[in-house]
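# Observations on the model geometry
The primary structure of each chain is shown beneath.
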Amino acid sequence: MENLLLNAWSTVGSIVLAILILLVMVTIHEFGHYIAGKILGFRIDEFSVGFGPALFKHRSKKTGELFALRLIPLGGYCAFAGEDGLDDERDKPQENGAKPPLSEPFVDMLPEDEQPSAAPSAPSDAEGAAREKNDVQENGTTQENAAAQAGSAREAVQETPVRRGEEFTKMAPWKRIIVLVAGAFMNYVLAVFLLIVCFFTYGQTMVAVYRAEPTAEIAEAYCLHDYDILLEAEGRKLYLTTDIAQALNGKREGDRAEFLVSRVVGTDADGAYLREEMTVQIVLRADVDVRNSADLDGVWRALGIAYETEGESGTWMLANASYRFGFWETLGRSFAYSFKIAGSIFKVIGELLTGKLGISALGGPVTTITMTSQIAGRSFRGFLEIAGFLGVNLAVFNLLPIPALDGSKVIFTVIEWIRGKPISRKVEAVIHAVGFVLLLGFAVLVDILQFI
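Here the residue index of a chain counts from 1 through its sequence in written order. A pLDDT threshold of at least 70 governs which residues receive local features in this predicted model, and a stricter bar of 80 or more applies before side-chain atom pairs are shown or counted, although totals over entire chains, interfaces and linings include all residues. Here the side-chain values reflect all heavy atoms present in the structure, with hydrogen atoms and water set aside.

What follows concerns empty space enclosed by the protein. Buried and open spaces are told apart on a 1 Å grid over the protein atoms alone, a cavity being a set of points where a 1.4 Å probe fits but cannot get out and a pocket being an open set with protein on both sides within 12 Å along at least five of seven lines. Residues with an atom within 4 Å of a point are the lining residues. Grid points are joined across faces, edges and corners, and a volume is the space filled by probe spheres set on the points. Per the stated rule, a full pass over the model turns up one cavity of 30 Å³ or more. Its volume calculated, the largest cavity comes out at about 40 Å³. What lines the largest cavity is Thr 205, Met 206, Val 207, Leu 230, Leu 238, Tyr 239, Leu 240, Thr 241 and Ile 244. Those elements that provide at least two residues to the lining of the largest cavity are β3 (204-209) and α6 (241-248). All amino acids are sorted into three groups, where Ala, Val, Leu, Ile, Met, Phe, Trp, Tyr, Cys and Pro are nonpolar, Asp, Glu, Lys and Arg are charged, and the leftover types, Gly among them, are polar. A per-class count over the lining of the largest cavity returns seven nonpolar, two polar and no charged. Helix numbers and strand numbers start at the N terminus; a helix is a DSSP run of H or I with at least 4 residues, a strand a run of E with at least 2.

So, in structure tokens, the structure goes:
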């Protein structure tokens, strides 16, 4: 019973950690928009962490910006004044030449329960005289009260924050593009930083052979050995398992493939393994015909990796191993690894569009949180790796030209820059709204497919 409770608490803790990682990534993303907007002179209405009802909120007396911490910790936003551009159309002169009435500063930013009521109509002269007479009779200090009220009004005006900056759509297109891209840039910077810390602290995670399948048909010198760590394949540095697949794709049974491996050559006095880097020629045991990023069975079969069957399923006997490189190579590999992650996203999208990969191979928010909790809950190293991985994914995904994402907004801004005038703001708003609904529906669908 005690072990069951400990496991339950561990699972809950891992899920909370995963949600925290996603929340930090989203907050950093929105902070990128915020800091770029502040530097370039945009007017910002609100910076919020989370969605839903506000647990805490504070409005700056200096700028009028609202900072809020909200109930649902699965996102956040940085709201720019006039971001949708619909106010521009409302501000246009009406058919009779009259302009719409101006609203009171900050009224549109207040909750409904804080909205001021309509101003009372002005009293007639007779009513005003009667009220003044009553005030004199009751208090005898009408002038003093009036002076006090005037002083309070002056203090209130002085305390009213001055909203600095210009509305979003009224800024130059190049400035808007910088603000839109800044969120993804901040995600990428944080991701690379975490990867650098991880690689220098623990080493890079490499694919290793846990157990090789023995064979009498091929000499031992042309086979992988137990505990080999794969560093390069056919002259390519390895970062992801797909790198091995790309290096071997198209080769046939009996062909040789050159690998750089870290191989166990003995043990020291304490029983620790002694390793040596060496270049080996591996004779492939099967044809390699990789159909998509998830099709790796043929690769492991060709390399002679042992396969362990458990019921109706089985597992290739591979492992992850930390490997340390030199200072400059570690630094370079940190950036290269981030580029590899970004490239794999575009590759998967291409395979989805061409039908080479089914959507069942993807995962939505639930799958992402599950995977993140499993990896981050193992160790601090796992935390750093998955946080860096998610940071790069979030950066790239947000720059895709999909309606409702930053990349789509950049496209609309570039079109406006070229045309000299924007596409109808209402049309753009509808496109983004529909895109958001479709994107949300797709995320739910791929999660459902994981359980079917």
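Here we come to the environment of Ile 44. Structurally, the position occupied by Ile 44 is in strand β1 (residues 44-59). When the C-alpha atoms of Ile 44 and Arg 164 are compared, they prove to be 8.5 Å apart, with 120 residues separating the residues in sequence. Only heavy atoms enter the contact rule, under which two residues are in contact if any of them lie within 4.5 Å. Excluding residues within four positions of it along the chain, Ile 44 makes contact with Tyr 34, Gly 37, Lys 38, Glu 65, Cys 78, Ala 79 and Phe 80.

Looking now at the packing of aromatic side chains. Stacked, edge-to-face and tilted labels apply to pairs of Phe, Tyr and Trp rings (six-membered ring for Trp) whose centres lie within 6.5 Å, assigned for plane angles under 30 degrees, over 60, and everything in between, in that order. Under the criterion given, the structure shown has 16 aromatic pairs. Seen in terms of ring centroids, Tyr 34 and Phe 47 are 5.5 Å apart; in terms of plane orientation they differ by 65°. Their pairing is edge-to-face. With Tyr 34 in helix α1 (residues 2-40) and Phe 47 in strand β1, this pair connects stretches of sequence that are 13 residues apart. Each member of the pair, Tyr 34 together with Phe 47, is buried. Summarising the aromatic geometry, the rings of Phe 51 and Tyr 77 are spaced 5.9 Å apart at their centres and angled 20° between planes, so their arrangement reads as stacked. One end of the pair, Phe 51, is in strand β1; the other, Tyr 77, is in strand β2 (residues 66-80), and 26 residues separate them in sequence. Feature note: the residues Phe 31, Tyr 34, Phe 47 and Phe 67 constitute an aromatic cluster, connected by ring pairs. Counted as over-ring charges are cases with an Arg CZ or a Lys NZ within 6 Å of the ring centre that also lie within 35 degrees of the ring normal. A cation over an aromatic ring shows up here: Arg 333 above the ring of Tyr 239, its NZ or CZ 4.9 Å from the ring centre. Across the ring face of Phe 325, the terminal group of Arg 333 is positioned such that the distance to the ring centre comes to 4.0 Å. Accessibility here uses a 1.4 Å probe with only protein chains present; expressed as a share of the type maximum, an area under 20% marks a residue as buried, one over 50% as exposed, and anything in between as partly exposed.

For the rest of this paragraph, the subject is the nonpolar core. To form a nonpolar core, buried Ala, Val, Leu, Ile, Met, Phe, Trp, Tyr and Cys residues must be joined to one another through side-chain atoms within 4.5 Å. Membership of the largest hydrophobic core comes to 35 residues, with the highest contact counts inside it found for Ile 244, Phe 259, Val 299, Trp 300 and Leu 303. For this core, the secondary-structure elements that each account for two or more residues are β3, β4 (229-233), α6, β6 (256-267), β7 (273-283), α7 (297-303) and β10 (318-323). By size, the runner-up hydrophobic cluster in this structure holds 19 residues, among which are Cys 198, Tyr 239, Leu 384 and Ala 387.

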